[in-house]
Amino acid sequence: MKNPITVSVTGAAGQIGYALLFRIASGAMFGPDQPVALRLIEIEPAMNALQGVVMELDDCAFPLLQSVTTSSDLDEGFNGTNWALLVGSVPRGAGMERNDLLGINGKIFTGQGEAIGRSAAADVRVVVVGNPCNTNCLIAMQHASGVPSDRFFAMTRLDENRAKSQLAVKAGVHSSEVTNLCIWGNHSSTQYPDFYNAKIGGKPATEVINDEAWLQQTFIPAVQQRGSAIIKARGASSAASAANGIVDTVRSLCSPTAAGDWFSVAVCSPGAYGIDAGLIASMPIRTEDGKTWSVVEGVEVNAFSREKIDASIAELNGEKEAVKHLL
Ligand SMILES: NC(=O)C1=CN([C@@H]2O[C@H](COP(=O)(O)OP(=O)(O)OC[C@H]3O[C@@H](n4cnc5c(N)ncnc54)[C@H](O)[C@@H]3O)[C@@H](O)[C@H]2O)C=CC1
Ligand SMILES: O=C([O-])CC(=O)C(=O)O
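Residue positions are counted from 1 within each chain, in the order its sequence is given. For this description, chains carry letters from A and ligands carry numbers from 1, given in the order in which they are written. Owing to the predicted nature of the model, reporting of local features is limited to residues with pLDDT of at least 70; listing and counting of side-chain atom pairs is limited to 80 or more, with chain, interface and lining totals taken over all residues. To get the side-chain values, take all heavy atoms of the structure and skip hydrogens and water.

In the nomenclature of an unreviewed UniProt entry, the chain corresponds to Malate dehydrogenase from the organism Rubritalea profundi. Quoted verbatim from the Function (unreviewed entry) field of UniProt, the annotation for the chain is "Catalyzes the reversible oxidation of malate to oxaloacetate." UniProt positions are given in the numbering used here, feature names are shortened, and annotations may be inferred rather than shown by experiment. Of the chain, the UniProt comment under Sequence similarities (unreviewed entry) reads exactly: "Belongs to the LDH/MDH superfamily. MDH type 2 family."

And the structure:
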């Protein structure tokens, strides 16, 4: 039996938590022979609801679930953790942009970053999901003393999955045929789903979908606005697909990337592709060993792409400026 991986989840009693915990405990995140220990973090008023979720976890009798603890104390919740999944925060409602949440949610990530720096395991990796996730991740990173910046990630995988699905439907193929799909920039309505470098069945997506006007004018806004469309339809922001994006993000960071492919996650920019160093921005990422990652080099950025990427990076710089008192 392997040693368990400890996973801390904030906002564990929320709607994403409810879709996520059961998948982690069932083995979907780390595989069918990897035990997990869950550390669930909530604010005090949600502790009763969280106890109900723990009862349901118990009732699943998951073979891989070694232990579950609950806490509203951050040091206890992040104690010895290998993966800190920062979900807890307020979701947006209809008519809001994600960065409207900065003033409400940004401050959550100062204390969480500090506690991760003090209490997490030496190998901790942090995935920020709570919106606006890129800038919240920047805040957490700045406060997590002693944790290297390459351990911080913000989630754009849901956007990648959405984009792959849209292209697959248009091309009449299964979504698994779509590869090399990079989301650039911010997890916001300025994000750029890069169809120019995407492939469908190994061929350029622009050859398979020979309709640049659709790709530029219909596909891009459909991906950018998908979160809003879900809120409009469901009356609540995406939860199961977000939880699935978290599972996919962690799996991709833990397992070697397929030859020639990449995946999307926002990382602390090393200054690649003209993206300001130190911003948390999404770009094409690979890992060879499931531990360290690198930015894929040599991805072509044409004039159209450059403009889109620059617009999203400008937005990230604006968000950074807006929270400079928290950095
Ligand atoms: N990056 C992405 O692709 C996506 C991000 N999101 C974001 O994820 C976040 C969570 O969404 P939901 O689960 O739907 O919201 P929710 O409102 O259902 O749950 C959030 C939970 O966080 C808890 N919470 C609030 N402040 C906390 C704190 N300081 N510490 C610990 N827990 C705290 C609340 O008590 C609540 O149980 C939102 O900010 C949402 O916008 C949602 C979908 C996709
Ligand atoms: O749109 C929202 O507010 C929730 C979210 O981040 C998404 O679904 O991508």
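Novice: Let's hear about the UniProt feature "binding site: substrate" (unreviewed entry) in the chain: which residues, and what values?
Specialist: This chain's UniProt record puts "binding site: substrate" (unreviewed entry) on Arg92, Arg98, Asn131 and Arg162. From this annotated list, the subset lining the largest pocket comprises Arg92, Arg98, Asn131 and Arg162. In DSSP terms, a helix is any run of H or I states spanning at least four residues, a strand is any run of E spanning at least two, and both are numbered starting from the N terminus. As for its position among the elements, Arg92 is in the loop between β4 (83-86) and α4 (102-105). Only protein chains enter the accessibility calculation, which uses a 1.4 Å probe. A residue is then buried if its area is under 20% of the maximum for its type, exposed if over 50%, and partly exposed in between. Given a relative accessible area of 10%, Arg92 falls into the buried group. One polar contact links the side chain of Arg92 to the main-chain carbonyl oxygen of Met96, over a distance of 2.7 Å. If you trace the backbone, Arg98 turns up in the loop between β4 and α4. The contacts of Arg98, once residues within four sequence positions are left out, are Arg92, Asn131, Pro132, Arg162, His187, Ser188, Ser189 and Gly227. Grid spacing is 1 Å over the protein atoms alone, the probe is 1.4 Å, and a cavity is where that probe fits but cannot get out, while a pocket is an open set with protein on both sides within 12 Å along at least five of seven lines and lining residues have an atom within 4 Å of a point. The definition of a polar contact used here is a pair of N or O atoms within 3.5 Å, where within protein one atom must be able to donate a hydrogen and the other to accept one, and adjacent residues in sequence count solely through side-chain atom pairs. We call two residues in contact when some of their heavy atoms are within 4.5 Å.

Novice: Explain the confidence of the model for the chain to me, and be specific about the residues and the numbers.
Specialist: For every residue, the predictor states its confidence as a pLDDT score lying anywhere from 0 to 100. Put simply, the chain has an average pLDDT of 97, and 100% of its residues get 70 or more. The ipTM assigned to the predicted complex is 0.99, against a pTM of 0.98.

Novice: Would you mind going over the side chain of Ser71 in detail, with residue names and values included?
Specialist: For Ser71, the location among the structural elements is in strand β3 (residues 65-71). Under the relative-accessibility criterion, Ser71 is labelled buried at 7%. Within the structure, the side chain of Ser71 is placed 2.9 Å from the backbone nitrogen of Asp73, a separation counted as a polar contact.

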